[in-house]
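# Remarks on the overall topology
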Amino acid sequence: MTRTKWTWLSVTLTAVFLAVAATACGGDSGGGGGDQKKVALVTDTGGVDDRGFNQFSIAGLKGAEDDFDLKTRVYVSNSADDYKPNLTAAAEDGNELIVAVGFLLGPSVIEVAKEFPDTNFAGVDQFYGGEGCKAGGTCEEPNAVGMVYPTEESGYEAGVVAALMTKSGTVSTVGGKKIPPVDNWIAGFQQAVHDTKPGVKTLNAYSQDFEDLAKCKEIALDQISRGSDVVFQVAGKCGLGALDAACEKGKIAIGVDVDQSSQGDCVITSALKPLESSVYEIIKAFDEGTFKGGTNNFYGVEQLPDAKLLTEFHGKVPQSVKDAVAKADKDLKSGAIDPPATLDKVK
C-alpha cells in the first residue's frame with residue numbers, strides 16, 4: 001500500500017469558488033498556457049459549496065493549481081447520472097489527472113479508467129480491489145488510485161466528547177447514505193461512547209441523502225425528542241440541517257470532515273478528514289511524476305501521526321473532556337486503541 005505524507009494547508013475558499021464555474025458540464029478555472037499540465041476534478045452531488053468534501057477537495061485542487069502552475073477544471077455532478085458523463089468529458093478534454101470526489105463515483109471511475117488507460121484517476125473516499133472486487137465490486141485499474149480515510153479514528157474522538165458531554169445519557173448520529181465512508185465515522189463514534197461511558201445510549205439513522213438539509217434536520221429533531229442531547233452529523237451538506245436542529249433546540253452538535261463551528265454556537269468541535277491536503281498531495285505526486293495507480297493510498301494515523309482528528313473546541317468544554325480526548329488521541333496513534341470500521345464490529 002502506498003503511504004502518502006501530507007501537510008495541512010490554508011486556502012481562501014471565497015477565491016476558490018469565484019474561480020469555479022459551477023455547471024453540470026464543468027467550468028474552466030485555470031490559466032491558458034499550452035504547456036501547462038491539465039488536472040480536473042469531478043464532484044459528487046451537493047454542489048461546490050457543500051461546506052464538506054466537495055468544497056475542501058476543490059480547495060486542494062486550487063492550492064495545487066497555484067503551486068504547480070496547472071490548468072484545472074471542475075466538473076459538477078448535479079445527480080448520479082452525471083458521474084460517468086463528467087468523467088468521460090474530463091478525459092476527452094485532455095486532462096491528465098482526474099480527481100473524482102465521493103464513494104459513489106467509484107464504479108464509474110473504474111469504468112472510465114478502462115476506456116482511457118493513458119489518463120490518471122484518483123478517487124476520494126474510494127477503495128479499489130480486495131474482497132469487494134472478487135464479489136463483483138469495484139476492481140483496481142493500473143491508472144487509478146483509491147484514496148481511503150480511516151475516519152473511525154476521528155469518529156472515535158468525537159464519541160469520547162459526546163459520552164462525556166451528554167447530560168441526558170443519550171447521544172446520536174445522523175448519517176447520509178449507508179455506505180462505508182459514512183459507517184466508518186459512526187462505528188468509531190459508537191465504540192468510543194461504549195468505551196468511555198457504557199451506559200450512554202446511542203441513536204443512529206440515515207437520511208439516504210447528502211443534500212437535503214430538511215431531511216437531516218427532521219431526523220435530528222426526532223432523535224432530540226427521544227432524548228439525544230449531542231448530535232454528530234455524518235451526512236455531508238444534508239447534515240448541516242442536523243447541526244441546525246441541535247442549535248435550535250439548545251443541544252450540542254459535532255461537525256464532520258472540516259471545521260463546521262460557523263454553523264452555530266452549539267457546534268463544539270468537528271471530526272476531521274484531510275480532504276484538502278490529500279487532494280493536494282495526490283496532485284503534487286502527479287506533477288512530480290511519482291503518481292502510482294493500481295493501489296490505494298491511506299490517510300489515517302498510521303500514515304499521518306501528526307494529523308489532527310478533531311478541531312479546537314468551541315464554547316464551554318470542561319478540561320476533563322479535553323484531557324480525555326488527548327489521551328484517546330495518544331492511544332489511537334500508538335495503536336493502543338484500534339476502533340472498528342464497521343458497525344457490526346462495535347462491541
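Residues numbered from 1 in each chain as written. Predicted model: local features only at pLDDT ≥ 70, side-chain atom pairs only at ≥ 80, totals over all residues. Heavy atoms only, no water.

## Some details on the state of the cysteines
- In total, this model carries 3 disulfides according to the counting rule given.
- Between cysteine 133 and cysteine 139 runs a disulfide, and the two sulfur atoms are separated by 2.0 Å. Between cysteine 133 and cysteine 139 the disulfide shows an S-S torsion of about 95°. By sign, it is right-handed.
- Residue class for cysteine 139 comes out partly exposed when judged on its relative accessible area of 25%.
- One disulfide in the model links cysteine 247 with cysteine 266; its S-S distance is 2.0 Å. Across the S-S bond of cysteine 247 and cysteine 266 the torsion is about -85°, and the bridge reads as left-handed. One end of the pair, cysteine 247, is in helix α9 (residues 240–248); the other, cysteine 266, is in the loop between β11 (252–257) and β12 (267–272), with 19 residues separating them in the sequence.
- By sequence order of its bonded cysteines, the protein chain has the disulfide arrangement 1-2, 3-4, 5-6. (Disulfide = S-S within 2.5 Å. Buried < 20%, exposed > 50% of the residue type's maximum accessible area, 1.4 Å probe, protein only. Helix = DSSP H or I, 4+ residues; strand = E, 2+ residues; numbered from the N terminus.)

## Re the nonpolar core
- Among the nonpolar cores identified, the biggest contains 34 residues, and Val161, Met165 and Phe232 are the most heavily contacted of them.
- For this core, the secondary structure elements donating two or more residues are α6 (152–165), α7 (180–196), β10 (230–234), β11, β12 and α11 (319–334).
- With 7 residues, α6 is the single largest residue contributor to this core.
- Beyond its immediate stretch of four places on either side in the chain, phenylalanine 232 contacts Gly155, Ala158, Ser172, Thr173, Val174, Trp185, Phe189, Ile254, Gly255, Val256 and Ala271.
- In terms of nonpolar packing, the next biggest core, distinct from the first, is built from 31 residues, Val39, Leu41, Ile58 and Leu97 among them. (Core = buried A, V, L, I, M, F, W, Y, C linked by side-chain atoms within 4.5 Å. Contact = heavy atoms within 4.5 Å.)

Function-wise, these values are silent; they only describe arrangement.
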